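Here's the letter readout for the chains.
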Amino acid sequence: LIRYSTQNAIDGKPTRVLRPRIFVYGLLLLGLCGAWVWGVGHRSELIAEVLRDRNALYRQSADGSIANDYTLKLINKSQETRRFRISLEQEGSGLRLAGNELVEAGPEQVLPVTLSVIASDGIGGRREVSFVVESEDGRERRVIKNSFFGPRQCTTDSTTTTTPGAPVGAAD
């Protein structure tokens, strides 16, 4: 028959239960359990993501301002209703936020928030924009980076003209 034993026990010699391997496995198990407890205790109660609108890169309104549309996805992982304040990190850069700046998310709710970033005249090209989502009580703060797009700013030199078919750089 088969039995679970060591060769020393079968031969009648004394056996050692407390071997170094038992201590190493015990310490590894204790470390993993401690890391799991720390991770559960220190988990973030807020997830925030910003997605650009899939349609146009930008839109230009009648007054000449440029706007980009975004969807901010807030995930409240706490067991209570929380309020969040949304803003832009670089307020003095000619970009301003239009949309709900104070939103409320229920317990364990995924909340989509539609936002627009509007640029004043003269801002064009690609710029980095940072959204700041902060809980009203100040416990959670996230900064999400994204891009703002506008029309390219091109410069033209009206003093140089070229003849069709002439090499580039040849003037009339």
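Data block above holds the structure.
Residues numbered from 1 in each chain as written. Predicted model: local features only at pLDDT ≥ 70, side-chain atom pairs only at ≥ 80, totals over all residues. Heavy atoms only, no water.

1. A few points about the pairing of strand S3 (residues 66-76)
Part 1: With eight of 11 residues buried, S3 lies mostly within the body of the structure.
Part 2: Bridge analysis of strand S1 (residues 46-52) against S3 gives seven bridges, and the strand direction is antiparallel. Within S3, the residue paired with Ile47 across the bridge is Ile75.
Part 3: Bridge analysis of strand S2 (residues 59-60) against S3 gives two bridges, and the strand direction is antiparallel. Residue pairing in the sheet places Arg59 in a bridge with Ala67 of S3.
Part 4: Between the end of S2 and the start of S3, which pair antiparallel, lie five residues, with Gly64 showing a positive phi angle near 95°. (Buried < 20%, exposed > 50% of the residue type's maximum accessible area, 1.4 Å probe, protein only. Helix = DSSP H or I, 4+ residues; strand = E, 2+ residues; numbered from the N terminus. Pairing = 2+ DSSP bridges.)

2. Looking at the packing of aromatic side chains
Part 1: This model, assessed by the stated rule, comprises one aromatic pair.
Part 2: With a centroid separation of 5.1 Å and an interplanar angle of 70°, the aromatic rings of Tyr70 and Phe131 are classed as edge-to-face. Of the two residues, Tyr70 is situated in strand S3 and Phe131 in strand S8 (residues 126-135); the sequence distance between them amounts to 61 residues.
Part 3: Judged by its relative accessible area of 1%, Tyr70 falls in the buried class. (Phe/Tyr/Trp six-rings, centres within 6.5 Å; stacked < 30°, edge-to-face > 60°.)

3. As for the nonpolar core
Part 1: The biggest cluster of nonpolar side chains holds 25 residues, and the ones touching the most others in it are Leu72, Leu74, Phe131 and Phe148.
Part 2: At the level of secondary structure, the elements contributing two or more residues to this core comprise S1, S3, strand S4 (82-88), strand S5 (95-99), strand S6 (102-105), strand S7 (110-119), S8 and strand S9 (141-149).
Part 3: If we ignore the near neighbours within four places in the chain, the residues touching Phe131 are Val50, Tyr70, Ser87, Leu88, Leu97, Leu115, Val117, Arg142, Val143, Ile144 and Asn146. (Core = buried A, V, L, I, M, F, W, Y, C linked by side-chain atoms within 4.5 Å. Contact = heavy atoms within 4.5 Å.)

4. Focus: the pattern of salt bridges
Part 1: Counted according to the given criterion, the structure contains 10 salt bridges.
Part 2: The salt bridge involving Asp137 is made with Arg139; its shortest N-O contact spans 2.9 Å.
Part 3: Connected via shared salt-bridge partners are Glu45, Glu80, Arg82, Asp137 and Arg139. (Salt bridge = Lys/Arg side-chain N within 4 Å of Asp/Glu carboxyl O.)

Purely geometric stuff here, so don't read any function into it on its own.
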